[in-house]
Amino acid sequence: MAETMQSLDQLSALKPAAAPEAPKYVQKLDKQGRAYATGKRKDAVARVWVKPGAGRITINTRDVEAYFARPVLRMLIQQPLVATNRAGQYDVTCTVSGGGLSGQAGAVRHGLSKALMNYEPDLRGALKRGGFITRDARVVERKKYGKAKARRSFQFSKR
């Protein structure tokens, strides 16, 4: 139990409680030497595996150029690798399901960022500065009864 203080001199003699240490992040690999992470965006969920290699990105057993035809979506996936100067150093394998192409690309980017962080914990600072680790929680608002969509009312006529 704590002792009662009689003067301010005794207060200065007390040692402050030790500050909690920052958590140490460690490398997490499976038996094949790959790092795994799950990425999410809207309704899309991506499972991502990263291992050292020539820089090939495979999504649902198809090449990234075949799966994501739009250059903007391919650029979105490359962002974590470019931000950490690791483009062309890792082979990325993904399985992605749900949502549309834009949500799937965002899910792959989120999963790739987390998998890179599991493989190289030192990259956490650069990935966090770029905002790649944070899961974008925005989802489609549900439709309400008595409304045409989530907020849109039916057309009003006085007659």
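Refer to the structure presented above.
**Student:** Account for helix α4 (residues 101-119), with residues named and values stated.
**Tutor:** Compared with an ideal rise of 1.5 Å per residue, which puts 19 residues at 27 Å, α4 spans 26 Å between its outermost C-alpha atoms and is within 8% of the ideal. Counted residue by residue, α4 has 15 buried out of 19 residues, so it is predominantly covered.

**Student:** For the environment of aspartate 63, give the residues involved together with the corresponding values.
**Tutor:** The residue aspartate 63 is located in strand β4 (residues 62-63) in this model. Judged by relative accessible area, which is 40%, aspartate 63 ranks as partly exposed. Separated by 30 residues in sequence, aspartate 63 and threonine 93 place their C-alpha atoms 9.7 Å apart.

**Student:** Describe the side chain of aspartate 91, listing the residues and the values that go with them.
**Tutor:** Mapping aspartate 91 onto the fold places it in strand β5 (residues 90-97). When residues no more than four places from it in sequence are discounted, the contact partners of aspartate 91 are Trp49, Val50, Lys51, Pro52, Gly53, Ala54, Gly55 and Arg56.

Criteria and cut-off values
- Residues numbered from 1 in each chain as written.
- Predicted model: local features only at pLDDT ≥ 70, side-chain atom pairs only at ≥ 80, totals over all residues.
- Heavy atoms only, no water.
- Helix = DSSP H or I, 4+ residues; strand = E, 2+ residues; numbered from the N terminus.
- Expected span 1.5 Å × (residues − 1).
- Buried < 20%, exposed > 50% of the residue type's maximum accessible area, 1.4 Å probe, protein only.
- Contact = heavy atoms within 4.5 Å.

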